[in-house]
Amino acid sequence: MNTIKISVRNLVEFILNSGDLTTSSGLKDPDAMQEGTRIHKKLQKRMGAGYQPEVPLSITVPVSYDDVDFEMCVEGRADGIFTDETGIVIDEIKGVYSELSHMKEAKPVHRAQALCYAYIYAAEHKLKGIGVRMTYCYIPTEEVRYFSEYIDFKSLKKWFFDLINSYAKWAAWQIKWQDTRNNSIKDIEFPFEYREGQNTLVKGVYQSILRKKRLYIEAPTGVGKTISTLFPAVKSMGEELAEKIFYLTAKTITRTVAQETFGILAESGVQIKYVTVTAKEKICILDKPACNPGTCPRALGHFDRVNDAVYDILTHENNISREVILSYAEKHNVCPFEMCLDTTTWADAIIGDYNYAFDPTASLKRFFGNDKSNDYIFLIDEAHNLVERARSMYSATVIKEDFLAAKKLVKSYSKKVTNATEKCNNSLLSMKRDCDDLVKYNSVEIEDFIIRLMRLASYLEEFLQDNPHTDHPMDSDARDKLLEFYFNIRSFLSIYEILDDKYIIYSDYTDNGEFCLHLQCMDPSTNLDICLKKARAAIFFSATLLPIRYYMDQLAGGEDDYAIYAPSPFPKENRLLMIGRDVSTKYTRRGHFEYTKIAEYIHDFVAAKKGNYLIFFPSYKMMKDICIYLCELYHIHCSPVPEIYMQSSSMSENEQEDFLSHFEDTPKNTTLGLCVLGGIFGEGIDLKDSRLIGTVIVGTGLPMVCTENELFREYFDSNNGSGFSYAYQYPGMNKVLQAAGRVIRTDSDKGAILLLDERFLQSSYQKLFPKEWFPYDVVDRTSMSDCLRRFWER
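As the structure is a prediction and not an experimental result, all values here were calculated from the model.

A. Representation of a nonpolar patch on the surface in the model. A grouping of Y587, M704 and V705 is seen on the molecular surface, where their side chains present a nonpolar patch of about 370 Å² in accessible area. Tracing the chain through its elements places Y587 in the loop between β19 (575–580) and α21 (592–607). A relative accessible area of 55% places Y587 in the exposed class.

B. View of the sheet that holds strand β18 (residues 562–565). The 8 strands are arranged β10-β9-β11-β8-β12-β17-β7-β18 in an open sheet whose pairing can be described as parallel. Looking at which strands have only one partner, the edges of the open sheet turn out to be β10 (319–320) and β18. Where helix α5 (residues 198–210) meets the sheet, its contacts fall on β7 (214–218), β12 (376–380), β17 (537–542) and β18, and the angle it forms with β7 comes to roughly 165°.

C. Looking closely at the sheet that holds strand β21 (residues 643–646). Pairing is parallel in the open sheet, where 7 strands are placed in the order β21-β22-β20-β23-β24-β19-β25. A single partner strand is all that each edge strand has here, and the edge strands are β21 and β25 (777–779). The average angle at which neighbouring strand axes cross in this sheet is 20°, direction not considered. Along the sheet, α21 contacts β19, β20 (612–617), β22 (671–676), β23 (694–698), β24 (751–756) and β25; its crossing angle with β24, the most-contacted strand, is approximately 170°.

D. Structural view of the nonpolar core. Counting 191 residues, the largest nonpolar core has M72, F358, F378, I380 and F449 as the members making the most contacts within it. Examining the composition of this core, we find that 12 residues originate from one element, helix α4 (residues 153–186), more than from any other.

E. Structural view of the environment of L11. Within the secondary structure layout, L11 lies in helix α1 (residues 8–16). By relative accessible area, which is 0% here, L11 ends up buried. Taking C-alpha positions, L11 is 51 Å from A740, a pair spaced 729 residues apart along the chain. Apart from the residues within four sequence positions on either side, L11 is in contact with I6, M72, V74, L163, I164 and Y167.

F. Local environment of the pattern of salt bridges. This model, assessed by the stated rule, comprises 34 salt bridges. For E594, the salt bridge is made with R589, and the minimal N-O distance between the two is 3.0 Å. According to the relative accessible area criterion, R589 is partly exposed, its value standing at 32%. We note a salt bridge from D625 to K621, for which the minimum N-O separation is 2.9 Å. Linking D625 with K621, this pair stays in helix α22 (residues 620–636), spanning 4 residues, or about one helical turn. Of the residues examined, K621 reaches a relative accessible area of 59% and is grouped as exposed. One network of salt bridges, in which partners are shared, links R38, K42, R46 and E142.

G. Spotlight on empty space enclosed by the protein. Counted under the stated rule, the structure contains 1 cavity of 30 Å³ or more. Counted as a void, the largest cavity has a volume near 100 Å³. Around the largest cavity, the lining is made up of 14 residues, and of these L21, C284, C291, C296 and C335 lie nearest the centre. For the lining of the largest cavity, the secondary-structure elements that each account for two or more residues are α8 (280–283) and α11 (336–344). For the lining of the largest cavity, the per-class residue count stands at 12 nonpolar, no polar and 2 charged.

H. Geometry of helix α14 (residues 384–393). Extensive coverage of α14 is indicated by the burial of 7 of its 10 residues. Three or more residues of α14 are buried, namely H384, N385, L386, V387, A390, R391 and M393.

I. Structural view of the layout of surface pockets. Counted as a void, the second largest pocket has a volume near 1,100 Å³. Around the second largest pocket, the lining comprises 43 residues; the ones closest to its centre are T221, G222, K225, D686 and R745. When contributions to the lining of the second largest pocket are tallied by element, the ones reaching two or more residues are α6 (225–238), α7 (252–267) and α25 (723–740). For the lining of the second largest pocket, a count of residues per class yields 16 nonpolar, 14 polar and 13 charged.

J. Spatial organisation of the packing of helix α16 (residues 415–433) against helix α17 (residues 447–466). It is the contact of α16 with α17, at a shortest axis distance of 9 Å, that shows an interaxial angle of 155°. Here α17 runs roughly antiparallel to α16, going by the angle between their axes. Pair α16 / α17 crosses with left-handed handedness. Along its contact with α16, which presents K416, V417, A420, T421, K423, C424, N426, S427, L428 and M431, the element α17 presents F449, R452, L453, L456, Y459, L460, E462 and F463. Looking at side-chain class alone, the contact of α16 with α17 contains 11 nonpolar, 3 polar and 4 charged residues.

K. Representation of the pairing of strand β13 (residues 396–399) within the structure. Along β13, the buried face is formed by A396 and V398; none of T397 and I399, which line the opposite face, is buried. Two strands pair when backbone bridges link them, and β13 and strand β16 (residues 515–521) are joined in this way by 4 bridges, in the antiparallel orientation. Its bridge partner lying in β16, V398 is registered against L517.

L. Summary view of the side chain of N709. Relative to the helices and strands, N709 resides in helix α24 (residues 707–720). Among residues more than four places away in sequence, those in contact with N709 are P703, M704, A727 and Y728.

M. The arrangement of the packing of aromatic side chains in detail. Throughout the structure, instances matching the rule amount to 52 aromatic pairs. Note on Y119 and F160: the rings are 4.4 Å apart at their centroids and 15° apart in plane angle, and the pair reads as stacked. With Y119 in helix α3 (residues 108–125) and F160 in helix α4, this pair connects stretches of sequence that are 41 residues apart. Each member of the pair, Y119 as well as F160, is classed as buried. Judged by centre distance (5.9 Å) and plane angle (85°), the ring pair of Y595 and Y629 falls under edge-to-face. Of this pair, Y595 sits in helix α21 while Y629 sits in helix α22, and the two are 34 residues apart along the sequence. Put simply, the rings of F14, Y167, W170, W173, W177, Y311 and W346 pair up and form one aromatic cluster.

Conventions we followed
- Residues numbered from 1 in each chain as written.
- Predicted model: local features only at pLDDT ≥ 70, side-chain atom pairs only at ≥ 80, totals over all residues.
- Heavy atoms only, no water.
- Patch = residues over 30% accessible without salt bridge, like charges linked within 9 Å, V, L, I, M, F, W, Y side chains within 5 Å.
- Areas by Shrake-Rupley, 256 points an atom, 1.4 Å probe, with all protein chains shown as cover.
- Salt bridge = Lys/Arg side-chain N within 4 Å of Asp/Glu carboxyl O.
- Helix = DSSP H or I, 4+ residues; strand = E, 2+ residues; numbered from the N terminus.
- Buried < 20%, exposed > 50% of the residue type's maximum accessible area, 1.4 Å probe, protein only.
- Pairing = 2+ DSSP bridges.
- Contact = heavy atoms within 4.5 Å.
- Axes fitted to C-alpha atoms, helices over the stretch in contact; angles between N-to-C directions.
- Core = buried A, V, L, I, M, F, W, Y, C linked by side-chain atoms within 4.5 Å.
- 1 Å grid on protein atoms, 1.4 Å probe; cavity = no way out; pocket = protein on both sides within 12 Å on 5 of 7 lines; lining within 4 Å.
- Points joined across faces, edges and corners; volume = space filled by probe spheres on them.
- Nonpolar A, V, L, I, M, F, W, Y, C, P; charged D, E, K, R; others polar.
- Parallel < 35°, antiparallel > 145°, perpendicular 65-115°, else oblique.
- Left-handed = near helix turned anticlockwise from the far one by under 90°.
- Phe/Tyr/Trp six-rings, centres within 6.5 Å; stacked < 30°, edge-to-face > 60°.

Have a look at this one:
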């Protein structure tokens, strides 16, 4: 018989949650925070020897619904059990930031948790009745208020089974759907003829899932990484090895590819429900998210309607895209973002950004809120991006000037918050006086500031909960700014709790002179490892995961984990790779002489054949400077100037699409796109066939020398002697590999690549070349033209 397991908390919150969606819904649950845990332990200790704290309870009951017979296992941990004059009493403790004097009764969801534990205990011990006590503790003062009642077993049993029956519809649907899904997967075959190396990838992914390992795949464009990872993951789900698939990406374009690949499997007969999670800012019906009934009509009564909306979409759709979510959210008048998150609970696969699995502040708590390991599969696309993203996710910064701004916001509303903000500002002011440029600290040296910041966070939590209900509420704009400040200091405190020897703490100044205190993650592997242990297996894949040992080191690879290199399936004769032997982009050599040479190389490269080209530069400044030299060159030679389009910073999605629209198939004229290495056009774009026939890459892509990168260099120099490689060379070369990968996208594509920097001839760079880059041609301007003529005539 099928058994559905669910926690007491998840059960009651799912069935009984009701009312409006508000901004305070997004405030962190005090029970889940450090203060909440501390209050629980303190109150439990205060109760005396007869009080049993943290008592695990579970019950399994038979359920029949819609011709489906199954069992439900409801489990959890009661905060406390004790005896008084009425007999056994179940205690449920809640730490809160709302004034207790406002409370007239226990919150229904909290009471329901206690009632569940009461029924489980009473049923197990055959009691005629049992007491329930709700213990609310106001965290700032530790004031306590109790709500007690006694319930006879007959009434309690009826209430409990009414709750179970309310959930039975969902459980029965889940069992039926999983049977349907698994039967559809059972006999599925790989939907394409295997390319060279693809079969090895598919087997490697499946074996990694079977053996609960992490796999690191370096596979060039054209191998079919998405289908080669999704197919074995879906097969393992059909064999009940996997509970849920998380397809995690860094960019929107790769999320679209994942959706299309699920669609290909669906065309082959696979029935699987996959939901794409879109950021709140992009899916919100308002110009700016404002989760309050007074501002958003969907927020009013959202929780009263959202379960019906989710059930509707689940019973009618498999491909639950952004557009589908928006349609059903409008139909049921609910928040599309919150509805999307609720839908993920029931979906087989979730497509979304890295942060939904790895970011400590943005991860999906319904899946990753505890340390429990589940049969999840992480498919991590474009995994080379995760190193930098993870360092950012696990780092935090506070800016002194933000505290002064927050103080102005609350000055006329709360003296307590104002004073706490002032004390934090004073701590930062003291650090600032000792910081001329940059100062490093250990964790003990910032303890006083952290204590003050924790107090401020508590006061802000209380203020943000209570202020909207007072006679003097803060206006929405000011409240939004204060909320942003609150979330930032919460994030800072969360990162402080996980500090270890892979962090440095330092202060410095922004370009605007603002004083900053940083908790900088230097190596994200430990934090990623904690997240990855919550899944059965993780598959990292990219076309540019070189050197593989560097990425395995940074992305929590262990000695027992695997790495696979897949050869390129494309004909070698369709690619021409050249390295300019007599040009450099080193800072010391940048100027008129080198820029003239670079412009001449570009001029001759694109003159060899009419078509579309992308030219990548290490910076916007060099791009603009060399564009001037290039235009002058066309004037000197009296030759037609090609159409030139230049990337700008902060381009909108429409502007990006407009830029790419100029790269037409079978062009009548030559078109040049001038871009920045590592930018939006450096990876993830697909210009197939004659939409792109050549790329020039100017420079080695080394990141800018700055405080943060120099700290990385120092850190890795002291750890493994590879500071320059880890901080500069490897990230830079990855940008080069990605840019070069834009040229050959299909079996029929033919194109040329020119690397303009003599450093590419050094052995330290040659070691980072993928196998398909060999052999290559070392050229000057004259020999380059000969190579191109022979290549295009071939």
